[in-house]
Amino acid sequence: MFSSRSCRRNPHEWKGLFRWSGSGLKAVLTLLAPIGVFGVYVPWDAADHWVNGVPSIFAAVVVPFIVVMLTVPDSFAGERERHTLATLLASRLPDRAILLGKASFSILLAVGIAFATLVLGLLTYNLAHWSGAVVLYSPKLLVVDPMLSVLMASLATGAGILISLRAGSVQEAQQTLVAVTMLPPMVLGPAVLLISRARPGWGLRTMMRGMGEPANLALLFGVLLAVVVLLFAWAQRRFQRARLL
């Protein structure tokens, strides 16, 4: 998905992340915090549900979002704040290479931390609930969790790139991205609750079981992938060097 040329700027992105956080130690602690919560506490508390149910799916969705929200706002808004955007745009790199270089950092970091969280969660579960044999994730979760991590990281990064392209500061980009990503849950949450009360048979558990069907999962993944493609196509169209300065 990402060319080697577009990934050459990743070391620069790490430096930008450290500048944003104030110190390398603070950056590392901030990015590793989701691993401690979703890789240790949640699997210990959820017990068998971690390897068979919703908790690990929740981690596969939330962890990439958290990491992306901490990193992608700095992609262009950070360059603008540091007055290095003009230098970046004056390079001979094509527009697509610059966009993919910025996106690849956030996506790869988010997916890497999400995968590390899932692995640590499985280790935590086995240590805390040892039954005499190593227990792995159910076959369905072995497919669903990684797919959701990649798609959610890409989705959040696409939205974050679009916001960062026009934001005047990293803080503004972060606030806007949080507002945009929190709006769907805020709207869908009460809607699901109202439906559950009006139609007891249509509760959240019933919906989750329905989404677990292979056909429905394939549809969900297809829709998410289509949204990701549209977001990056939109970002590439909005990437006009003369208008970014």
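Scroll up for the structure.
Values in this document were obtained by computation on a predicted structure and should not be read as measured data.

*Asks:* Sorry if this is basic, but what is going on with the side chain of Ser 149 here?
*Replies:* Of note, Ser 149 is situated in helix α8 (residues 139-166). Not counting residues within four places of it along the chain, the set of residues in contact with Ser 149 comprises Ala 60, Pro 64, Val 111, Ala 114, Phe 115 and Leu 118.

*Asks:* For this particular structure, what's the right way to read the environment of Ala 233?
*Replies:* Relative to the helices and strands, Ala 233 resides in helix α11 (residues 214-238). Judged by relative accessible area, Ala 233 falls into the partly exposed class, the value being 44%. For the pair Ala 233 and Gly 158, spaced 75 residues apart in sequence, the C-alpha to C-alpha distance is 9.1 Å.

*Asks:* Looking at this structure, I do not really get a nonpolar patch on the surface. What am I missing?
*Replies:* Together, Trp 130, Val 134 and Leu 136 make up a nonpolar patch on the protein surface, roughly 370 Å² of accessible area in all. Owing to a relative accessible area of 55%, Leu 136 belongs among the exposed residues under this scheme.

*Asks:* What's the story with α8 in this structure? I'm lost.
*Replies:* The periodicity of an α-helix, 3.6 residues per turn, causes residues three or four positions apart to be oriented the same way. If you check α8, its first and last C-alpha atoms are 42 Å apart, about what 28 residues at 1.5 Å a residue would give, namely 40 Å. For α8, the tally of buried residues reaches 20 of 28 residues, placing the bulk of the element in the interior.

*Asks:* Which parts of the structure should I look at to understand α11?
*Replies:* Along its 25 residues, α11 runs 36 Å from first to last C-alpha, staying within 8% of the 36 Å computed at 1.5 Å per residue. Every buried residue belonging to α11 is among Leu 217, Phe 221, Leu 224, Val 228, Leu 231, Phe 232 and Ala 235, and all of these are buried.

*Asks:* Whenever I open this one, unusual backbone geometry confuses me. Can you help?
*Replies:* Glycine aside, the phi torsion of most residues is negative, and most peptide linkages are trans. Here Ala 47, not a glycine, exhibits a phi torsion of approximately 55°, which is positive. Locating Ala 47 in the fold gives a position in the loop between α2 (24-46) and α3 (49-52). By relative accessible area, Ala 47 is classed as partly exposed at 23%. Phi angles above zero are rare outside glycine, and His 83 is one such case at about 60°.

*Asks:* Where do I start with the environment of Val 228 in this structure?
*Replies:* If you trace the backbone, Val 228 turns up in helix α11. Along the sequence, Val 228 and Ser 154 sit 74 residues apart, while their C-alpha atoms lie 6.3 Å from each other. Residues in contact with Val 228, not counting those within four places in the same chain, are Leu 151, Ser 154 and Leu 155.

*Asks:* Please clarify how the packing of helix α4 (residues 54-71) against α8 should be interpreted in this entry.
*Replies:* Close contact between α4 and α8 brings their axes to 8 Å; oriented N to C, the two are set at 25°. Considered as vectors, α4 and α8 are oriented roughly parallel to each other. The two elements α4 and α8 meet at a crossing, and its hand is right-handed. Where α4 approaches α8, its residues Ser 56, Ile 57, Ala 60, Val 61, Pro 64, Phe 65 and Val 68 are matched on the opposing element by Leu 141, Val 144, Asp 145, Leu 148, Ser 149, Met 152, Ala 153, Ala 156 and Thr 157. A class-by-class count of the residues in the contact of α4 with α8 yields 12 nonpolar, three polar and one charged.

Conventions adopted
Residues numbered from 1 in each chain as written. Predicted model: local features only at pLDDT ≥ 70, side-chain atom pairs only at ≥ 80, totals over all residues. Heavy atoms only, no water. Helix = DSSP H or I, 4+ residues; strand = E, 2+ residues; numbered from the N terminus. Contact = heavy atoms within 4.5 Å. Buried < 20%, exposed > 50% of the residue type's maximum accessible area, 1.4 Å probe, protein only. Patch = residues over 30% accessible without salt bridge, like charges linked within 9 Å, V, L, I, M, F, W, Y side chains within 5 Å. Areas by Shrake-Rupley, 256 points an atom, 1.4 Å probe, with all protein chains shown as cover. Salt bridge = Lys/Arg side-chain N within 4 Å of Asp/Glu carboxyl O. Expected span 1.5 Å × (residues − 1). Axes fitted to C-alpha atoms, helices over the stretch in contact; angles between N-to-C directions. Parallel < 35°, antiparallel > 145°, perpendicular 65-115°, else oblique. Left-handed = near helix turned anticlockwise from the far one by under 90°. Nonpolar A, V, L, I, M, F, W, Y, C, P; charged D, E, K, R; others polar.

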